[in-house]
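Tertiary structure, described
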Amino acid sequence: MRYLEWLFGLVAIFLLDRTNGQMHVFDCPNDWLLFKYHCYKFVSFPEENFEDARAACNFHGAALLSISTKEEHIFISNALLNLDPYQRSWYTSGTRDSAQDGNATFIWQGAGARFLYDQQYWQDNVDMRSGTIVVYTYATSGYDWTLANTRDVLPYICEISQSEAYRIVRTARDYDYGLSRNDPEEFETGPYFVVQQNSMVVVGRTTNIELEYIANGNPYPTFKWYRGENFETEVTPDLDSRYMLTNGKLTIHKPNENDDAADYRCIVENKFGKLLGDPLQLSFGMLGEFSNVPDAAVNAKAYEGVAIQCSQIQYKPAVRYQWLKGDTRTFVRPEMQTYIFISANGRLYFSEVTRIDEGDYRCIAILSGVSKYTIGTSQPPTRTSMAISLQVQDQAAKADWGPEIQNDFIAVFPQPPMRGQDVRLECFAYGSSTTPFVYKWHRVGRSMPRTASLQDHNRVLLIEDAQLEDSGTYTCSVSRGSQAGDSKSINLQLSAKPYFIVPLGNKHVDIHSQLTWRCVARGNPSPVYTWYKNGSPLATLAGDITVAGSTLMIHKLDPAKHNGMYQCAAHNNQGISFSGAQLRVLSFKPSFLKHPLPRITEAAIGGNITLICDPEGAPQPALSWFRNGALLQSTAGHFQKLRNGFLLITNVQASDEGRYECKAENINGEASSSTRLTIKKAASITTGPSATTVTVNETAFLYCQASYNPHIDLVYMWRFNGHVIDPDENNHFVQELTPIKSGLYIQNAQFHHAGEYQCSAVSALQSDTRSAYLKVVGPPGEPAGVHVDAATVTSYGAQVIWTAGTDHGRPVEYYMIEAMTMFKSNWRVIISRLLVRDAITDEDTKLRANVEHLRPGNDYRFRVRAVNLYGSGPASLPSAYVHTKSAPPAIAPSKIRGGGGSVGDLTIKWEPLSREEHGGHGIGYNVYWRRLDTGGIGGGLFRKGRVDGNYGKFVNLVGDENYYLEYEVMVQATNNLGMGPNSTIETIFSAEALPVGTPTNVNSDAFNGTALQVWWDPVEDTRATMKGKVRGYQINYWAMGAEDPIFYRFNRFLGQVDTGVVIGLTPWDMFYVDVQVYNSAGLGPRSEAFVQETVGWSAFHYPQEVRIFSHGADSVRIWWRGISITYQEETISGWRLYVWTATEDFRSYTAYDVDLVFEAIVDGLEKGILYSVRIAAISAGGEGKKTPTRYFTLGGQVTIDSTMSSSFEIEAKSTRSTSSVWTTVCLLLLVSVIL
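About the criteria used
Residues numbered from 1 in each chain as written. Predicted model: local features only at pLDDT ≥ 70, side-chain atom pairs only at ≥ 80, totals over all residues. Heavy atoms only, no water. Helix = DSSP H or I, 4+ residues; strand = E, 2+ residues; numbered from the N terminus. Buried < 20%, exposed > 50% of the residue type's maximum accessible area, 1.4 Å probe, protein only. Contact = heavy atoms within 4.5 Å. Areas by Shrake-Rupley, 256 points an atom, 1.4 Å probe, with all protein chains shown as cover. Polar contact = N/O pair within 3.5 Å; in protein donor to acceptor, adjacent residues only side chain to side chain. pLDDT = per-residue confidence, 0-100. Phe/Tyr/Trp six-rings, centres within 6.5 Å; stacked < 30°, edge-to-face > 60°. Lys NZ or Arg CZ within 6 Å of the ring centre and 35° of its normal. Salt bridge = Lys/Arg side-chain N within 4 Å of Asp/Glu carboxyl O. Expected span 1.5 Å × (residues − 1). Pairing = 2+ DSSP bridges. Disulfide = S-S within 2.5 Å. Axes fitted to C-alpha atoms, helices over the stretch in contact; angles between N-to-C directions. Core = buried A, V, L, I, M, F, W, Y, C linked by side-chain atoms within 4.5 Å. Patch = residues over 30% accessible without salt bridge, like charges linked within 9 Å, V, L, I, M, F, W, Y side chains within 5 Å.

The subject of this paragraph is the overall build of the protein chain. For the protein chain, the count of helices and strands is six helices and 111 strands. Out of the 1235 residues belonging to the protein chain, those deemed buried represent 46%. Excluding contacts between residues fewer than 6 apart, the proportion of contacts in the protein chain whose partners are at least 24 apart in sequence is 66%. For the protein chain, the accessible surface area stands at approximately 59700 Å², while carbon and sulfur atoms represent 49% of it.

As for its position among the elements, Gln 421 is in the loop between β36 (411–413) and β37 (423–426). A distance of 3.1 Å separates a polar side-chain atom of Gln 421 from the backbone nitrogen of Met 418.

With that settled, consider the confidence of the model for the protein chain. Of the residues in the protein chain, 87% have a pLDDT of 70 or more, and the chain-wide mean is 84. With pLDDT under 50 throughout, residues 1201–1207 is counted as low confidence; its partners more than four residues away or in other chains account for 19 contacts. Counted against residues more than four places away or in other chains, residues 1212–1235, with its pLDDT under 50, gives 69 contacts.

What follows deals with the packing of aromatic side chains. Aromatic ring pairs are described here by two measures, namely the spacing of the ring centres and the angle between the planes. One pass over the full model with this rule turns up 48 aromatic pairs. Considering the side-chain rings of Phe 701 and Tyr 745, the 4.5 Å spacing of their centres and the 50° angle between planes classify their relative orientation as tilted. With a gap of 44 residues between them, Phe 701 in strand β67 (residues 700–703) and Tyr 745 in strand β72 (residues 742–746) connect regions that are remote in the sequence. Every member of this aromatic cluster is reached through a ring pair, and the members are Phe 106, Trp 108, Phe 115, Tyr 121, Trp 122, Tyr 136 and Trp 145. Seen from the ring of Tyr 963, Arg 1023 lies directly overhead, with NZ or CZ sitting 4.0 Å from the centre. When the ring centre of Tyr 1078 is taken as reference, the NZ or CZ atom of Arg 1052 above it lies at 4.3 Å.

The full count for this structure, using the stated rule, is 40 salt bridges. A salt bridge links Lys 249 to Glu 210; its shortest N-O distance comes to 3.6 Å. With Lys 249 in strand β19 (residues 249–253) and Glu 210 in strand β14 (residues 208–212), the pair connects residues that are 39 residues apart, well separated along the chain. What makes Lys 249 partly exposed here is its relative accessible area of 23%. The salt bridge involving Arg 355 is made with Glu 358; its shortest N-O contact spans 3.5 Å. Sharing partners across several salt bridges, the network here consists of Asp 240, Arg 242, Asp 259 and Asp 260.

Here we come to helix α3 (residues 70–83). With 14 residues, α3 extends 20 Å from end C-alpha to end C-alpha; this agrees with the ideal 20 Å at 1.5 Å per step. When we look at burial in α3, the residues that qualify are Glu 72, His 73, Phe 75, Ile 76, Ser 77, Ala 79 and Leu 80. On its buried face, α3 sits against β3 (33–35), β4 (38–48), β6 (90–96), β9 (133–139), β10 (142–148) and β11 (154–161).

Turning our attention to the sheet that holds strand β75 (residues 784–789). Taken in spatial order, the four strands of this open sheet run β75-β76-β80-β79, and their pairing is antiparallel. Where the open sheet ends on each side, the last strands, each with one partner, are β75 and β79 (840–841).

Counting across every chain of the model gives six disulfides. Each disulfide pairs two cysteine sulfurs, and for Cys 427 the partner residue is Cys 476, the sulfurs being separated by 2.1 Å. Measuring the twist about the S-S bond at about -85°, one finds the Cys 427-Cys 476 disulfide to be left-handed. Taken together, the residues span a long stretch of sequence, with Cys 427 in the loop between β37 and β38 (429–430) and Cys 476 in strand β42 (residues 472–480) at a distance of 49 residues. Residue pairing for Cys 613: its cysteine sulfur links by disulfide to Cys 662, the two sulfurs lying 1.9 Å apart. Judged by the torsion about the S-S bond (-75°), the Cys 613/Cys 662 disulfide is left-handed. In this pair, Cys 613 sits in the loop between β56 (609–611) and β57 (616–618) while Cys 662 sits in strand β63 (residues 658–666), placing the two residues 49 residues apart along the sequence. The buried category is assigned to Cys 662, whose relative accessible area is 0%.

Let's shift gears to the environment of Val 829. Along the chain, Val 829 turns up in strand β78 (residues 828–835). For Val 829 and Val 864, which are 35 residues apart along the polypeptide, the C-alpha to C-alpha distance reads 9.5 Å. The contacts of Val 829, once residues within four sequence positions are left out, are Met 816, Ile 817 and Glu 818.

This part covers the sheet that holds strand β84 (residues 894–898). An order of β84-β85-β88 is seen for the three strands of this open sheet, with the pairing classed as antiparallel. What marks the edges here is a single partner per strand, and that holds for β84 and β88 (953–957). For this sheet, the mean angle separating the axes of adjacent strands, direction not counted, is 15°. As judged from the five bridges shared by strand β85 (residues 905–911) and β88, these two strands associate in the antiparallel manner.

This part takes up the pairing of strand β34 (residues 388–393). Pairing geometry for strand β24 (residues 298–301) and β34, over four bridges, is parallel. When the bridges of β34 are listed, Asn 299 appears paired with Gln 391. In this structure, strand β31 (residues 359–368) lies alongside β34, joined through three bridges in antiparallel fashion. Following the sheet pairing, Tyr 361 is matched in β34 by Ile 388.

So, about the side chain of Arg 242. Here Arg 242 shows up in the loop between β17 (233–235) and β18 (243–246). Owing to a relative accessible area of 17%, Arg 242 belongs among the buried residues under this scheme. Once residues within four sequence positions are removed from consideration, Arg 242 is found in contact with Thr 251, Ile 252, His 253, Lys 254, Pro 255, Asn 256, Asp 259 and Asp 260.

Now for unusual backbone geometry. With an omega dihedral of -5°, the bond running from Phe 413 to Pro 414 counts as a cis peptide bond. Assignment of secondary structure puts Pro 414 in the loop between β36 and β37. With omega at 5°, the peptide bond leading from Asn 524 into Pro 525 counts as cis. With respect to the element layout, Pro 525 can be found in the loop between β47 (520–524) and β48 (528–533). Positive phi is not limited to glycine here, since His 808 has a value of about 55°. On the secondary structure map, His 808 appears in the loop between β76 (798–803) and β77 (814–821).

Let us now look at the nonpolar core. Core analysis: the biggest nonpolar cluster contains 31 residues, and Leu 425, Tyr 439, Val 478 and Leu 492 have the highest contact counts within it. Taken together, the elements giving at least two residues each to this core come down to β36, β37, β38, β39 (438–443), β41 (460–463), β42 and β44 (496–502). Dropping the residues within four chain positions of it, Leu 492 is found in contact with Val 412, Pro 417, Val 423, Leu 425, Ile 463, Asp 470, Ser 471, Gly 472 and Tyr 474.

Further remarks concern a nonpolar patch on the surface. Together, Tyr 192, Val 194, Val 195 and Ile 214 make up an exposed nonpolar region whose accessible area comes to about 330 Å². It is strand β12 (residues 189–195) that contributes the most residues to the nonpolar patch, three residues altogether. Among the structural elements, Tyr 192 can be located in strand β12. Judged by its relative accessible area of 40%, Tyr 192 falls in the partly exposed class.

Quick look at the structure:
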């Protein structure tokens, strides 16, 4: 073990928090892997050429991979085996040294070191002239080195030292970002799909089918189902009484092809937006009849191969075959007769036929599906053909012959093969059957798929759940002994409906920033993309949204316009798939509530320390540091402000003690947090291991920190219960060895890791030893012997009995009892907290609990969990099923609601009871209603209606004059044994009528070149005027000159509003607008039309010449040449300058608006910072095009990194001169411009 290398080769940046006694180091980010104090990122998408891959790694402060040890090579190879199912080549930083090209020597650019002779891991027979870049490429033994060229587009591997992981600037935001609470159950989220239904084929007869989409969100989303070619028909019980909807589940009773075969889609929605579910196809299988005319006999010669073709039969979607022989109809058994083979094509093959095989054969066709999404009875339809006679003619026996692979093979099923199906490759050879044939398969150039298996004497290669990466060339080899053989190959190409390899992720982004959203799907053929917002397609909108294939760009985020649910749809001729996510545009002042600085921070003299400042804020706050109240510059002595805002202090001295404050500031305000830095000295083992308790499956850390003369070598050794620990041999143990922090991690601790740990710090002069005991505790073990006392079972309860398991170090506090019924296969907690003292015990130490509130008429099984201080243990084995006695329904219908429908309707809806809530047979509902008593009007006795069957809607005609009136309603479930409880009384409205009110004083004005602002006096929101309630207003608009159109365009605005903007118009054009109010029944009368002209275009051009001059110690003067406009453009009214720090995103700009002048003073600037500027003309038509980015600085040393453009010009400004100095910088590496 290389203790000294680990000890002196790495310096970890650390932070000691005295408030909790724990030490924190910079770990690798979540999507980077850690190995031997280095972090590795495997970037599979987007693939890049060599130079772009280098730049992408440099963006993180990392470099392309360099290999320094055999252990590192093995780590990379194993990681790729796990991470790369496509078995591609991966870029490293290894390049051919051009100065030594003739000798094919290589250098690691990332490490600046030449390849060591004994540390090269090339694949066999690599052509050293085939490329210049070292790549990891898959071979049969794993990943080793080959060569590629710089223009090849490949995935790549980035590497960075763990001690420099702070350079990786990341902002991980979730729904809790900016919130004081951390309970995920309290976060409001848009809807999202958990499970989506796949297309389904119904084979045979079935009583019910269930199509289900599972979605979640807060508020919980609503579900709607649609069907048809364009999903134009909403699926409800009103459409067909056989349909039942329960949240996302559509149940179809007695499905049939004529009524139910169609494309279906589920849509989910809550207040944050709407998502479209993947469409599914519901289809029905069919199996025709064999002809009653016998097929002709098959004639064959003895000792030759032959095939019998199954009679023709119509089927959909697929069939599987079996064969019978003789009048006794004995099944043909290829597993017992190795010279016989039944192919998925329906044929019965004989490698060599003899007279014993002569006879009548019958083919059986069994209806089946092509995928796992096929339902039906356990006895699908089957058909048996007429007898097909095999007649064998005698001839002399042949000497050993064959094998010869028959012409039908290699055969692939199903056709065409699709991703996700079980793909079957068949191989069969004719030849002498006296010696068994040996079949072997291999994949040319690649290993066999992981899900591949051999069947039927290796004659069938089955690839379960085949994936696109399983495509390739497969070879079947057949041999007879060592003397004869044959082989054939086939190129397997799988088709695939698109599926996402880079799906959308939720975005929680800053206001006024720019968002680039990408989704990447794979399919065969390659997919094309469409973007949606809240279920509606998106198209490019100049200046706002750009849609380009799989990329969506929103240029300036506005919560009012852009918040919502977005989806990327990928489609090809095999289908369409959706990936959805929520966009939240955030704006709030900085806060240190979640991540304050510690009260005290300790550092060692001569060491390094990083002070972490991690506030929340939107837009992202700017950070500044103060020491004892004085502002610290970005780089001052041994103080350095890192790119992520953290403060690094190197070579810590006693004089560095003091109070350090981090201040965060954005457009919404500011906040600060501070810590006191104290300096410490050391001696011998200053921090030894201490008694530690760890929870099972978590990580424990035992400190062992020695203070010593840095000129003397020191080694740490650990023992567990007297045995030396070797971290290289046991991955549960990881040794941390740095000059500042050392100790032992016990990862994923198990109960057998409890015991005594001893640390020895050993040098050439002396040693010191400390020890401590590790205790591993955890949740209790599973209870045993769970069963039900049959004598205690009633309609609503039973007694469950069990025996306690082990407590695993902490006493059991309580038990949880879970139940499952035959109708719902998920386990539900029915007793969440049964204290041990409340459990009934008897003489044999068994525990008992009376379970109540069961549903009558159900088959139940139970299981038990024990809970202690450290959590819930595993569940026991379930009990046997017991049946509760039938009774009237025990619960009332829920979600009583109503409204809508035609004028004069009172529509009452409720959530039908689930099957396990029926209590018995004959489910139905009594419905009660009466007018709400309002001062003597209405009230009185309830009227009663009846709904037979498990349906959730009742409509009663109350008369046209009773529109939009309040009614009290309740619903009661019944069955053959009686009536259940009534629901609570709910108040609902009868249906609305069409509004009679009309908006007045409609007016309009130009908003910009392509939009109009419209305003009006709203309609009074009363029952008499609205015949209901105002839901919103609709603005209709059409171009002058067109007849009053039938299909005019319109925009709708929700609520009682008095203004709106219509967009997407053409400049310099006249448009009519009118306004209508609407309620749930429809639109009211149209107002008088108003005509308004849009203004012209914004400026087509931008200033072609921009000059920047120094003006003062903190300011510059920017001059530009004006532009000419055409008659199509609006007159320019001024100019807008965008100025921002060049190392930041454009979205951090500060805008300066000026009048019709051609220069402006920009102040408040700082030396040592590179700035960017762009200029645009502004007019009534909007903002014109911006100039290309120009860069300038006031002076000082400027560091430029590869996150910026590949080449640009900098105007270096000096306060001593007004002249311009131009410097061109190529950003291939980090460069500094010193002025």
